[in-house]
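Examining the three-dimensional arrangement
Next come the chains, spelled out residue by residue.
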Amino acid sequence: MLRNKRNEAIVALLLIAPFVAIYGLIFVYPTIRLFITSFQNAPLIGSGEFVGFDNYTRLWGDRRFNTAFWNTAYFVAITVIPGALVAFAIALGVSRLKGRLQALVLALFFLPYILPVSVVYLIWDWTLNFQFGIAMYVFDMLGVDRVPVFKSTVWFMPAVGVITIWWTAGFSILLFLAGLRSIPVEIYEAAALDNASRLTTFRQLTWPLMWPVTALVLTIQLILQLKIFDQVYLFSVGGRPNDNLVLVYYVFQRAFQYDQGGRAAAAAVVLFILVIVVSVLNFQLTRLSKGRA
Amino acid sequence: MMTATTAKRLNLVGLVITLLTILVAILWAFPLYWGVISSLKPEDEVVRRYIELWPENLTFSHYYAALTQTQIGIWYVNSIVTAVAITVLTVGSSLFCGYAISQLEFPFRRVLWWLILASFMVPMQVLIVNHFELMARFGLINTWAGIVLPQLIHPVVIIVYKQFFDNVPKDFREAAAMDNASEWRILTRIYMPMNWGVTTALAIVTFIWSWNAFLWPFLAVTKTEMMTITVGITQVNDAFGVYYARELSAAVLAGLPVAVAYLIFQRKVTEAITLSAGIKG
């Protein structure tokens, strides 16, 4: 049967039109504008004059950008790998359970992930409240001094990191569980026949077989945490925002609090490139490891 | 073969791990329980200097106060309208586009596909400055449309659709073409019904994503009466003074719809989330 090529193309163009229109307006155009703005001394709204690489060179001399950059790196370090380890351990535990009990336990771990960040913020702000938070009663019982967690520069990032792991672990647990389920039972039966110990089975079978999923979880978490903003912003209110800056927070501050669209755009481009580099590296690495297998 | 004693020992270890998992799960969800239970206590019980796991006098007065003395009702409306609009527009436009890319021949098809895959890597947060500029130029700050528009890019929805349409056997299409069915008919009578499962899964998670969105709705709105509930409950705590229980009741009200949606559609939600992640690698 002959297909009417021209007719088909017209139908196709009508079908892609809504998406392409949205995509052009909301994605392609703003992305191009982002790069142009980053070379201008523009305010938040409206354009400015071209100033070459001025906005970029000023980033390196800016102490706040420095803080934002290193805080983001610190945050990534304390959440990505520890978060994946916690999720993996939980997934191993959950995978042993059966039926309804498994569904219930999984739901308990997954529920935080489904909640809006502002709800997570209010719940933890209450739990860690200096005067009445239940965590402080626990501190008292253990004989530890109470800490105003979100007002202390030392405690802020680790606390937000732990809360973020609590909030997002459900997602990683889900991926690890899917990975564990895809391992054929026969492999374990064979290992049991060989009288392999629980630890050996884990080290020589589960761990290597789970490596692809682990790499996936690590990449997703890495990209996610590079873009951190919401929790840091919310917990900083009434605290010390300038000590807690992260990259997106810096962009927000420059653009929306200092009306410096150009300098904000330059910082945004740095983050943009960072995320793209991580994504491409990961893509190449997975391709390489697949090529070897 | 395993001896009886080692088998027994292993079972004991297994039991300990199982109990530990359940214990950790309970501790994990405890902050949620504590938030809900605190919102059901009178303010004087909330600030008692010991741990009270169940309220002495259970009360819904904070919910009543939050609903009548704050703008939470309007925020609910704003959240529902914008989240539904984002869901319908995103899933609709992605379904059509995914179908065209998967099933039809047209110029620049591959280019479009590569662009969509590439945009998957771009963090939307970096576009806030230019989104704000664009929405301000259209006069859409503090409007529903201004909240909705920049949230319509979810490349992953198209990617999932294309995969599912790719997997529909070609026989269906050829049989329909024999009957001279139009492309529209083939899409709406064959491809869409065959993929209702993935459509509902994608719609539910897109709704949850939109309901939970914070950064953009926070930037796009400066008037309290235009806020979504996710933003609203963090912006007016000064109006509550130090009424912790009332603040928490607002949080419970904001989280309830997505929590309930998850508990009802648990399987769909986990399916959609695993699907959307499978591609991310």
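How each quantity is defined
Residues numbered from 1 in each chain as written. Chains lettered and ligands numbered in written order. Predicted model: local features only at pLDDT ≥ 70, side-chain atom pairs only at ≥ 80, totals over all residues. Domains from an automatic or database assignment. Contact = placed C-beta atoms within 7 Å. Helix = DSSP H or I, 4+ residues; strand = E, 2+ residues; numbered from the N terminus. Axes fitted to C-alpha atoms, helices over the stretch in contact; angles between N-to-C directions. Parallel < 35°, antiparallel > 145°, perpendicular 65-115°, else oblique. Nonpolar A, V, L, I, M, F, W, Y, C, P; charged D, E, K, R; others polar. pLDDT = per-residue confidence, 0-100. Expected span 1.5 Å × (residues − 1). Buried ≥ 20, exposed ≤ 12 C-beta atoms within 10 Å, placed from the backbone. Arc of directions from axis to C-beta.

All names here are of chain B. Here the domain parsing of chain B yields domain 1 (4-61) and domain 2 (63-280). Centre-to-centre separation of domain 1 and domain 2, based on C-alpha positions: 34 Å. With nine residues of domain 1 at the interface, the matching set in domain 2 holds 10 residues. No other element matches the three residues that helix H1 (residues 4-38) contributes to the side of domain 1 that touches domain 2.

Between helix H1 (residues 5-37) of chain A and helix H6 (residues 128-137) of chain B, the shortest axis-to-axis distance is 9 Å and the interhelical angle comes to 110°. Considering their axes alone, H1(A) and H6(B) lie roughly perpendicular with respect to each other. Packed against H1(A), whose contacting residues are Pro30(A), Arg33(A), Leu34(A) and Thr37(A), the element H6(B) presents Val129(B), Asn130(B), His131(B) and Leu134(B) at the interface. In the contact of H1(A) with H6(B), the residues fall into four nonpolar, three polar and one charged.

Before going further, it helps to spend a moment on the confidence of the model for chain B. Put simply, chain B has an average pLDDT of 88, and 93% of its residues get 70 or more. By mean pLDDT, helix H14 (residues 237-240) of chain B is the weakest element of chain B at 55, and helix H7 (residues 144-148) of chain B is the strongest at 97.

Moving on, we come to helix H10 (residues 183-194) of chain B. Compared with an ideal rise of 1.5 Å per residue, which puts 12 residues at 16 Å, H10(B) spans 15 Å between its outermost C-alpha atoms and is within 8% of the ideal. All buried positions along H10(B) are accounted for by Glu183(B), Ile186(B), Leu187(B) and Tyr191(B). When H10(B) is viewed along its axis, its buried side chains cluster within an angular range of 95° and face the same direction. The exposed residues of H10(B) that point more than 90 degrees off its buried face are Trp184(B), Arg185(B), Thr188(B) and Pro193(B). Where H10(B) is buried, its residues contact H1 of chain A together with helix H4 (72-103), helix H8 (155-166) and helix H9 (170-178) of chain B.

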